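Residue-level structure breakdown
This is what each chain is made of:
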Amino acid sequence: VVVALPDNGGREHRIGALVQGEEVDMTTLRKKLSDSFESYARPRCLAITTRIPVKNNGKYDWPAITRLLENE
């Protein structure tokens, strides 16, 4: 899941990505993102979780996702 997070710095938002998986290699993931995207388009916050938070209705729980990314 990719989300725009509020940023207090020089930009209005920063890109965050929450990845679901138990055996995700962050080094490989960062390398793939670096090879695929310009620096301005790469996620600044990158986190791994065993399960992407969803609400009872099956929709993403955006506040929970944002909290996970802001703790990184």
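Please read all numbers here as calculations on a predicted model, not as lab measurements.

What counts as what
- The residue count restarts for each chain, going from 1 along the sequence in the order it is written.
- Local features are withheld for residues below a pLDDT of 70 in this predicted model, meaning they are given only at 70 or higher, and side-chain atom pairs are given and counted only at 80 or more; totals for whole chains, interfaces and linings count all residues.
- Calculation of side-chain values draws on the structure's entire complement of heavy atoms; hydrogens and water are dropped beforehand.
- Whenever a carboxyl oxygen of Asp or Glu lies within 4 Å of a side-chain nitrogen of Lys or Arg, that contact is scored as a salt bridge.
- Each helix is a run of DSSP H or I of at least 4 residues and each strand a run of E of at least 2, with the numbering of both proceeding from the N terminus.
- Burial classification: accessible surface area is computed with a 1.4 Å probe over protein chains only, and a residue below 20% of its type maximum counts as buried, one above 50% as exposed, and the rest as partly exposed.
- By nonpolar core we mean a set of buried residues, namely Ala, Val, Leu, Ile, Met, Phe, Trp, Tyr and Cys, connected to one another through side-chain atoms within 4.5 Å.
- Contacts were defined at the residue level, with two residues in contact if any of their heavy atoms lie within 4.5 Å.
- The predictor rates its confidence in each residue with pLDDT, a number between 0 and 100.
- If DSSP finds at least two bridges between two strands, the strands pair.
- Viewed with both strands pointing away, a crossover whose connecting path from the first strand over the helix to the second turns clockwise is right-handed.

Here we come to the pattern of salt bridges. Pairing of side chains with opposite charge becomes possible as their charged atoms draw close. Across all of its chains, the model carries one salt bridge by this definition. A salt bridge links K31 to D35, with the shortest nitrogen-to-oxygen separation between them at 2.9 Å. Of this pair, K31 and D35 both sit in helix α1 (residues 26–36), four residues apart, which is roughly one turn of the helix. What makes D35 exposed here is its relative accessible area of 54%.

Looking now at the nonpolar core. In terms of nonpolar packing, the biggest core is built from eight residues, these being V3, L5, L18, C45, A47, I52, I65 and L69. Residues contacting V3, with those up to four places away along its chain left out, are R14, I15, G16, W62 and L69.

Okay, the confidence of the model for the chain next. On average, residues of the chain score 91 in pLDDT, and 94% of them are at 70 or above. Looking across the chain, the model is least confident in strand β1 (residues 2–6), with a mean pLDDT of 89, and most confident in α1, with 94.

Another point: the side chain of T49. Tracing the backbone through its elements, the reader meets T49 in strand β3 (residues 45–49). Classification of T49 as buried rests on a relative accessible area of 14%. The contact partners of T49, leaving out residues within four places of it in the chain, are L18, V19, Q20, G21 and L68.

All right, on to the pairing of β3 then. Among the five residues of β3, four are classified as buried, and the element is accordingly described as predominantly covered. Where strand β2 (residues 13–20) and β3 come together, five bridges link them in parallel fashion. Pairing of G16 across the sheet is with C45, part of β3.

Looking now at the pairing of β2. Both β1 and β2 contribute to a ladder of five bridges, which runs antiparallel. Opposite L5, over in β2, you have R14 as the bridge partner. A crossover links β2 with its parallel partner β3, the connecting element being α1, and its sense is right-handed.

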